[in-house]
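Now for the letters of each chain:
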Protein chains: 2
Amino acid sequence: MTEIELLVNVKRDDNLLLTSDRAQLLKILSQTGSLLTASKALNISYNKTWLMLEELNKGLSKPLVYKSRGGKGGGGATITDYGQFILKEYELIENHVRIFVNKLNTEINL
Amino acid sequence: MTEIELLVNVKRDDNLLLTSDRAQLLKILSQTGSLLTASKALNISYNKTWLMLEELNKGLSKPLVYKSRGGKGGGGATITDYGQFILKEYELIENHVRIFVNKLNTEINL
């Protein structure tokens, strides 16, 4: 079966703000606060997850997450109110895109 | 400025058939036949371009490209009729996606 998939990036001033992976990271952190859980869900190393968090806040006047290293759960992160807002908007966009891509998939000729 | 970007992947039986990069590679090859030109345009090494070509044909009953190593131009590739067909369809899909994303970008709240 041939299928179209659309990946949603949000850019700000030509820098990447959100990607599908980053949004998934934010979502898991908003539910669990655990970097270890997030790294397992995204199937990447703990260190890479940590780096993704660093990237997330880079260049933003308001952070999306607050980090805390170490501890029993292997370090954690808390989403800020601004992070929650951005995540919600991203999910709304994803919903629009999902409807569009479902329609597109009924029309392709590949 | 905040802007949404949509990347188009085409999957066949859960394997990647085309990505934005692969489509660009096919397009340049259909115009120039030169791997060197393609690697410069995509800003990747010649070897990586060669590997992308290998990936392109993998798992397909009909190849998208024929390769020829070496020579003055640094090796080349010719798109098959099937490759041309797939590329044309991909570009049609991209046109639909472009119209959709332009509309989406007038409606976002980020």
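Up top is the structure.
Residues numbered from 1 in each chain as written. Chains lettered and ligands numbered in written order. Predicted model: local features only at pLDDT ≥ 70, side-chain atom pairs only at ≥ 80, totals over all residues. Heavy atoms only, no water.

**With respect to the overall build of chain A**
Here comes step 1: Within chain A one finds 4 helices and 4 strands.
Here comes step 2: N-terminal to C-terminal, the α/β element order of chain A is β-β-α-α-α-β-β-α.
Here comes step 3: Projected onto its principal axes, the C-alpha positions of chain A cover 50 × 30 × 20 Å.
Here comes step 4: A burial count over chain A gives 41% of its 110 residues as buried.
Here comes step 5: The long-range fraction of contacts in chain A, counting pairs at least 24 apart against all pairs at least 6 apart in sequence, stands at 50%.
Here comes step 6: Within the structure as shown, chain A displays about 6300 Å² of accessible surface, and the carbon and sulfur contribution to it stands at 50%.
Here comes step 7: Side-chain charges of chain A comprise 14 positive and 12 negative groups, with the mean position of each set lying 7 Å from the other. (Helix = DSSP H or I, 4+ residues; strand = E, 2+ residues; numbered from the N terminus. Buried < 20%, exposed > 50% of the residue type's maximum accessible area, 1.4 Å probe, protein only. Contact = heavy atoms within 4.5 Å. Areas by Shrake-Rupley, 256 points an atom, 1.4 Å probe, with all protein chains shown as cover. Lys, Arg positive; Asp, Glu negative; His and termini not counted. Charge placed at Lys NZ, Arg CZ, Asp CG, Glu CD.)

**As for the interface of chain A and chain B**
Here comes step 1: Facing the 24 residues of chain A at the interface are 24 residues of chain B.
Here comes step 2: Of the roughly 2500 Å² buried where chain A meets chain B, counting both sides, 58% is carbon and sulfur surface.
Here comes step 3: For the chain A face of the interface with chain B, the top three residues by lost area are Glu5(A), Lys11(A) and Leu110(A), together amounting to 23%.
Here comes step 4: For the pair chain A and chain B, the number of links is 2 salt bridges.
Here comes step 5: The closest approach of N and O atoms between Lys11(A) and Glu5(B), which form a salt bridge, is 3.2 Å.
Here comes step 6: At the junction of chain A and chain B, the tally comes to 11 residue pairs in polar contact (both at pLDDT 80 or more).
Here comes step 7: Listed by contribution, the elements that provide at least two residues to the side of chain A that touches chain B are β1 (2–12) and α4 (81–107) of chain A.
Here comes step 8: Broken down by element, the residue count for the side of chain A that touches chain B peaks at 11 residues, all from β1(A). (Buried area = accessible area lost by both parts, 1.4 Å probe. Salt bridge = Lys/Arg side-chain N within 4 Å of Asp/Glu carboxyl O. Polar contact = N/O pair within 3.5 Å; in protein donor to acceptor, adjacent residues only side chain to side chain.)

**Regarding the pattern of salt bridges**
Here comes step 1: Tallying each qualifying case throughout the model produces 12 salt bridges over all chains.
Here comes step 2: The closest approach of N and O atoms between Glu55(B) and Lys58(B), which form a salt bridge, is 3.2 Å.
Here comes step 3: The exposure class assigned to Lys58(B) is exposed, which follows from its relative accessible area of 58%.
Here comes step 4: Residues joined in a network through salt bridges with shared partners are Arg22(A), Glu55(A) and Lys58(A).

**Thoughts on the side chain of Arg22(A)**
Residue and element names in this part refer to chain A.
Here comes step 1: By secondary structure assignment, the location of arginine 22 is in helix α1 (residues 20–32).
Here comes step 2: Of the polar contacts made by the side chain of arginine 22, one reaches the backbone oxygen of leucine 17; its length is 3.1 Å.
Here comes step 3: Contact partners of arginine 22, with chain neighbours within four places excluded, come to Leu16, Leu17, Met52, Glu55 and Leu56.

Nothing here speaks to function; it is all geometry.
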